[in-house]
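Here is what each chain is made of, one letter per residue.
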Amino acid sequence: MNMIETYISNIFDGMNKSYIYLWVSKKQKVVYVGMTNSYAGTFGRAGAHVTKKGTLRKRFIEKKGFEINSVDDFRLFTYLLPNDYKYISVEKSYREAIEYLVQKELQIIRGNLNPTFDVISWVRQSPRTNNTEVKKIANEIVLEFIQCY
Amino acid sequence: MNNKNETEIGIDVGRVLFGLSRIGYTTSSAICDIIDNSVRANAKNIYLDIIKARKNFTDSKRNNVKEYTIIDDGDGMDEEGILDALKLGSSNNNYEKNTLAKFGLGLKSATFSQADTLQILSATKNNEFIKYVISLQDVIKRKEYFALKMQLDDYDKETIKKYLKEGKGTIIRVSDVKNVNHPSVKKTIEDLKLKIGVIYYYFLNDKSLSINVAGKKIDALDPLFVNEANTNGNLNENTWEGTEVKWIEKTRELVLDDEENIKATIEITQLPYPPIFKIIKKKGEDRKIRKKYLIGANNYGFYVYRNKRLISWVSKLQGIIPTDQDYFSFRGRILIEDAADDYFNIDVKKSSMVLSDEAWNVISDFTQEGKRKSKQAWQNANKHRKGIINQQPNEISNTIINDFEQLETLPGDKIIDEDIAIERQENINKDMKENAIQMAKMTLEDEGGNISDINELTEEQKEKAIKGEVNERLSKIFRVSSVIDNLLWEPYYDTNYGNCVRINKFHRFARLILEENQENQDMQIIFDMLFLQLADAELYAYKNIDKYKYDELKFVLAEYRRIVSEFLANMCRKLEQELPPNYISNEYD
């Protein structure tokens, strides 16, 4: 019996919180960027991603040509956004802007990372990508991700 | 034959040469290929003389060229070098980084695409000029590829004396031009001014190369107009009016292959939107702008430079740039070095290339945002144009409401005591002053800036912070980029404007009305009116309802705004495909 132990910390806690998250498989060289204000956090959001119609599952098969089930090295990176109403609200233009900038920056710098990867998420454009604070947060997330990758 | 099973098949060299001359050269592209050899030979000065067949005819006359002479003061060639250059598939021993001469065919195919005779005269430093001539007709007749060594005539000596005072360099004469469907001298000069200016932009710009065509020096022409973009700054696709060149992506280095250290430099600008000039200037001005900025179906996309020499006039990069008029202002440049050749397979005609999968992926991903911005900007500029023709709905609603005064007191509401009224007004003034500071901060942040001292704001900046734009026609209803807590709307009051509303134009519900239903101007006007009344009602409550404390009212009404804003955002999200304009009306009959 091979036990799988997964550390989830408190990423199920989405009460008045919002997150940017990255699903990463180094073996398959894919990264999926997402955001959520779900009350169940990124852990709760994860379930929806791997359902039959889940976007992570769909994007993965579109890119790789085979099912996600065989991936055995997925890691989930979670970044808590500031506790400011504009980031946790249902209206999500600020969250989307950060998500968009993170994805875009990853596309630019991926050649410098080993192994390089495809960004398989599709991110909505947001009119707020010029916002100073939004850019700063996105930049911090990317820098931190590079350190951990 | 080394092997008894092998049979020599032979080759009809005349037909091969004829075939090579039919691979799709235009006159200007053939001349450019020959000029490319001059650049390869380290020329500092290149001259093109165009000799007309009938000198008395104007330059506009078609089929009237006798000879093109391309002269360069480069290294020149000795006899062995000349013969090697004339060979079909000449060696690439001298293959320099700043050329495309990979296949050893350019000189011959370019010449014979335009003419029947190729003359080459060349000399290295301190040596005599040597001349060889190839006649296509003689080669076809004899089915043998050969060149004839000839003595220099007076015309040759005159040319050398005029242009090559240092006694070295190369002269190529493309003579006995085929005057069938041959462009006029004027057309060729126009084409060359454009092509050479763009192809050798970097060389001409840093003055390391000078090219003269028919006696006129060609100026460097940057297809991205980067100098103008540097002056005008970054593109804001939501506010760009189409009159200026802007940066979409400033120069960035992309890694194509980390292990091999293969990199490409990429930059993208947005060129002006020509139709706007017809409106703001005068009729015909749009044509001038199209000509100046080369805006048209054949010029948008990426210009690819290899070692600073253009290798692809404009490329859609295998579908990365869609064929769509909305991208006409998109102008990109990719700079690569020869090390990246395998990632940008170059076609023999030198006019196309095929990206490797990896290069395609990297560039495609990087370009996504730029494409969106460019398209959005083009469409917004079009909206701006329409807005000038037919007043913007927001201006119309402001005009309609300008002289309207809402009821001072509603039936059933008593007139409050004067002391309380003064206190309430002071509270409102104080809160709005604080809000105005917050608005200014948010506006600056939205534009990518910061503010250290709110007192540094100019009057214009303050007006822009409150109203979203400096526009005297806007007096009550302001569509702005940020509202506190990212809510859909908020009331605003000051003594200049009175009761106003600030509508968050980036809120999901506002985008539904203002962007997705932009064609429905009537709905936009009603939307503006509705939110002004919501804001006005809130300010009415602060001023007139004294059975609740001011702070209680403030709290409850702010909560109400928050809940409505969130409900509307959620509704838009969940019903995205079913709200106008996406719904299919028949389904609801």
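So, how was this worked out
Residues numbered from 1 in each chain as written. Chains lettered and ligands numbered in written order. Predicted model: local features only at pLDDT ≥ 70, side-chain atom pairs only at ≥ 80, totals over all residues. Heavy atoms only, no water. Axes fitted to C-alpha atoms, helices over the stretch in contact; angles between N-to-C directions. Helix = DSSP H or I, 4+ residues; strand = E, 2+ residues; numbered from the N terminus. Parallel < 35°, antiparallel > 145°, perpendicular 65-115°, else oblique. Left-handed = near helix turned anticlockwise from the far one by under 90°. Contact = heavy atoms within 4.5 Å. Nonpolar A, V, L, I, M, F, W, Y, C, P; charged D, E, K, R; others polar. Buried area = accessible area lost by both parts, 1.4 Å probe. Salt bridge = Lys/Arg side-chain N within 4 Å of Asp/Glu carboxyl O. Polar contact = N/O pair within 3.5 Å; in protein donor to acceptor, adjacent residues only side chain to side chain. Buried < 20%, exposed > 50% of the residue type's maximum accessible area, 1.4 Å probe, protein only.

Draft legend 1. Local environment of the packing of helix α2 (residues 27-40) of chain B against helix α4 (residues 106-114) of chain B. All names here are of chain B. One can describe the packing of α2 onto α4 by two numbers: an axis separation of 9 Å at closest approach and a directional angle of 150°. It follows from the interaxial angle that α2 and α4 lie roughly antiparallel. Remark: the crossing between α2 and α4 carries left-handed chirality. Within the contact between the two elements, α2 uses T27, A30, D33, I34 and N37 and α4 uses G106, L107, A110, T111, S113 and Q114. Class assignment for the residues of the contact of α2 with α4 results in 4 nonpolar, 6 polar and 1 charged.

Draft legend 2. Just the interface of chain A and chain B, in detail. Taken together, the contacts link 29 residues of chain A with 38 residues of chain B. The largest share of the area that chain A buries against chain B comes from Y85(A), E91(A) and P127(A), three residues that together contribute 21% of it. Applying the counting rule to chain A against chain B returns 3 salt bridges. Across the salt bridge formed by E249(B) and K104(A), the nearest N and O atoms sit 2.8 Å from each other. The interface formed by chain A and chain B holds 18 residue pairs in polar contact (both at pLDDT 80 or more) in total. Those elements that place two or more of their residues in the side of chain A that touches chain B are α3 (85-88), α4 (93-109) and α5 (132-148) of chain A. For the side of chain A that touches chain B, the leading source of residues is α4(A), giving 7 residues. Looking at the side of chain A that touches chain B residue by residue, the class counts come to 6 nonpolar, 10 polar and 13 charged.

Draft legend 3. How the structure looks around the pattern of salt bridges. Residue and element names in this part refer to chain B. Counted under the stated rule, the structure contains 48 salt bridges over all chains. The shortest N-O distance in the salt bridge between R508 and E576 comes to 3.5 Å. One end of the pair, R508, is in helix α16 (residues 508-516); the other, E576, is in the segment after α18 (550-574), with 68 residues separating them in the sequence. Judged by its relative accessible area of 15%, R508 falls in the buried class. Take E576: its relative accessible area is 22%, and that puts it in the partly exposed class. Put simply, E67, K131, D153, D156 and R173 are held in one network by salt bridges that share partners.

Nothing here speaks to function; it is geometry throughout.
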